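Architecture and fold: a report
Each chain, letter by letter, is given below.
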Amino acid sequence: MTKKRFFSFGCSFTKDWDCPTWSDLIGIQFDEYYNLAMPGSSNTLIMQRFIEADSYYNFNKETDVIIIAISGLGRYSFPLTINDKDFLYSRGDLDVSQSSVFDTEEVRENFEFVRTKFWKKRYSVFDSYIAVKIMKDILSARNITHKIFAGLDYKIYI
């Protein structure tokens, strides 16, 4: 019998640091469970993690079920280097988000630069659309069982 695998992608509503989420409740029903969500993720970061996971796990229709919880349309993830370590910085919707008291001065400066000088709301909506379309097209083309849903309330974007 073939092992069934479940993959989930999204933001903190999919993977919280210390609480079970909808993904955990579904995941326990499978032979293998991979929650590849990351708190604060933009849809572009979700897509990047999806493509990376596909490269590693080779998604296929015989064994895999994939659920993607789309994140905020105003979210943006950007690279930072701190103490010679590279990582992607994400912290929710840039329209309403602020840097954290735990951030270093360098992180605060980069966050404010991206939020005020680089990021544009209209582009982020388009960017989210493209990210979701790419994931949907890949899954549909391979006939992989999947669901994509809005993980957040989108009323703030209307």
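Refer to the structure above for everything that follows.
This one's a predicted model, so the numbers in the text were calculated from it and none came from an experiment. (Residues numbered from 1 in each chain as written. Predicted model: local features only at pLDDT ≥ 70, side-chain atom pairs only at ≥ 80, totals over all residues. Heavy atoms only, no water.)

Regarding helix 3 (residues 105–118)
Let me state the cut-off plainly: The helix count covers DSSP runs of H or I at least four residues long, the strand count covers runs of E at least two residues long, and both are numbered beginning at the N terminus. One fewer than the residue count of a helix, multiplied by 1.5 Å, yields its expected span. The contact rule is simple, with two residues in contact once any of their heavy atoms fall within 4.5 Å.
Taking 1.5 Å as the rise per residue, helix 3 with 14 residues should run 20 Å; its terminal C-alpha atoms sit 18 Å apart, in good agreement. Contacts made by the buried residues of helix 3 are with strand 4 (78–82) and strand 5 (85–89).

A look at the sheet that holds strand 2 (residues 32–35)
Paired through backbone hydrogen bonds, the strands of a sheet run either parallel or antiparallel to each other. Note the following rule: Strands pair, by our definition, only if DSSP identifies at least two bridges between them. A fitted line through C-alpha atoms serves as each axis, taken over the contacting stretch for helices, and the angle formed by two N-to-C directions is quoted from 0 to 180°.
Strand order in this open sheet of 4 strands is 2-1-3-6, and the pairing throughout is parallel. Here the strands that pair on one side only, and so sit at the sheet edges, are strand 2 and strand 6 (145–150). Adjacent strand axes in the sheet meet at a mean angle of 10° when their direction is disregarded. Bridging between strand 1 (residues 5–9) and strand 2 involves 4 bridges; their strand directions are parallel. Paired with R5 across the bridge in strand 2 is E32. Packing against the sheet, helix 2 (residues 43–57) makes contact with strand 1, strand 2 and strand 3 (64–70), and its axis sits at approximately 155° to strand 1.

Side note on a nonpolar patch on the surface
Applied cut-off: Surface patches are drawn from residues lacking salt bridges whose relative accessible area is over 30%; two like charges belong together within 9 Å, two nonpolar side chains (Val, Leu, Ile, Met, Phe, Trp, Tyr) within 5 Å. Per-residue accessibility takes into account occlusion by the displayed protein chains alone, with areas from the Shrake-Rupley method and a 1.4 Å probe. What makes a salt bridge here is a side-chain nitrogen of Lys or Arg within 4 Å of a carboxyl oxygen of Asp or Glu, nothing more.
Together, I51, Y123, F126, Y129, I130 and I134 line one region of the surface with nonpolar side chains, adding up to about 570 Å² of accessible area. Ranked by residue count, the leading element in the nonpolar patch is helix 4 (residues 121–141), at 5 residues. Within the element layout of this structure, I130 appears in helix 4.

Quick word on the packing of aromatic side chains
This is how the line gets drawn: Stacked, tilted and edge-to-face are the three classes applied to pairs of Phe, Tyr and Trp rings, where Trp contributes its six-membered ring and a pair requires centres within 6.5 Å; stacked means planes under 30 degrees apart, edge-to-face means over 60, and tilted covers the rest.
Using the criterion set out here, one finds 13 aromatic pairs in the structure. Between Y34 and Y57, the ring centres sit 4.5 Å apart and the planes meet at 45°, which makes this aromatic pair tilted. With Y34 in strand 2 and Y57 in helix 2, the pair connects residues that are 23 residues apart, well separated along the chain. Ring geometry for Y123 against F126: centres 6.4 Å apart, planes inclined by 50°, an arrangement best described as tilted. Here F126 and Y123 lie together in helix 4, a separation of 3 residues that amounts to about one turn.

Examining the side chain of T63
Note the cut-off: When accessible area is computed with a 1.4 Å probe and restricted to protein chains, residues below 20% of their type maximum are described as buried, those above 50% as exposed, and intermediate ones as partly exposed.
Mapping T63 onto the fold places it in the loop between helix 2 and strand 3. Given a relative accessible area of 11%, T63 falls into the buried group. Leaving out residues up to four positions away in the same chain, T63 has contacts with T2, K3, K4 and R5.

Re the environment of S55
For S55, the location among the structural elements is in helix 2. Taking the C-alpha atoms as reference points, S55 and F13, separated by 42 residues in sequence, lie 25 Å from one another.

What about the pattern of salt bridges?
Throughout the structure, instances matching the rule amount to 5 salt bridges. Between D64 and R5 there is a salt bridge whose closest N-O contact spans 2.7 Å. With D64 in strand 3 and R5 in strand 1, the pair connects residues that are 59 residues apart, well separated along the chain. Accessibility classification places D64 together with R5 in one group, the buried group. Put simply, R115 and E112 hold a salt bridge, and the shortest N to O gap is 2.8 Å. Note that R115 and E112 are positioned in helix 3 at a spacing of 3 residues, about one turn of the helix. A residue is classified by how much of its surface remains accessible, and E112, at 29% relative accessible area, is partly exposed.

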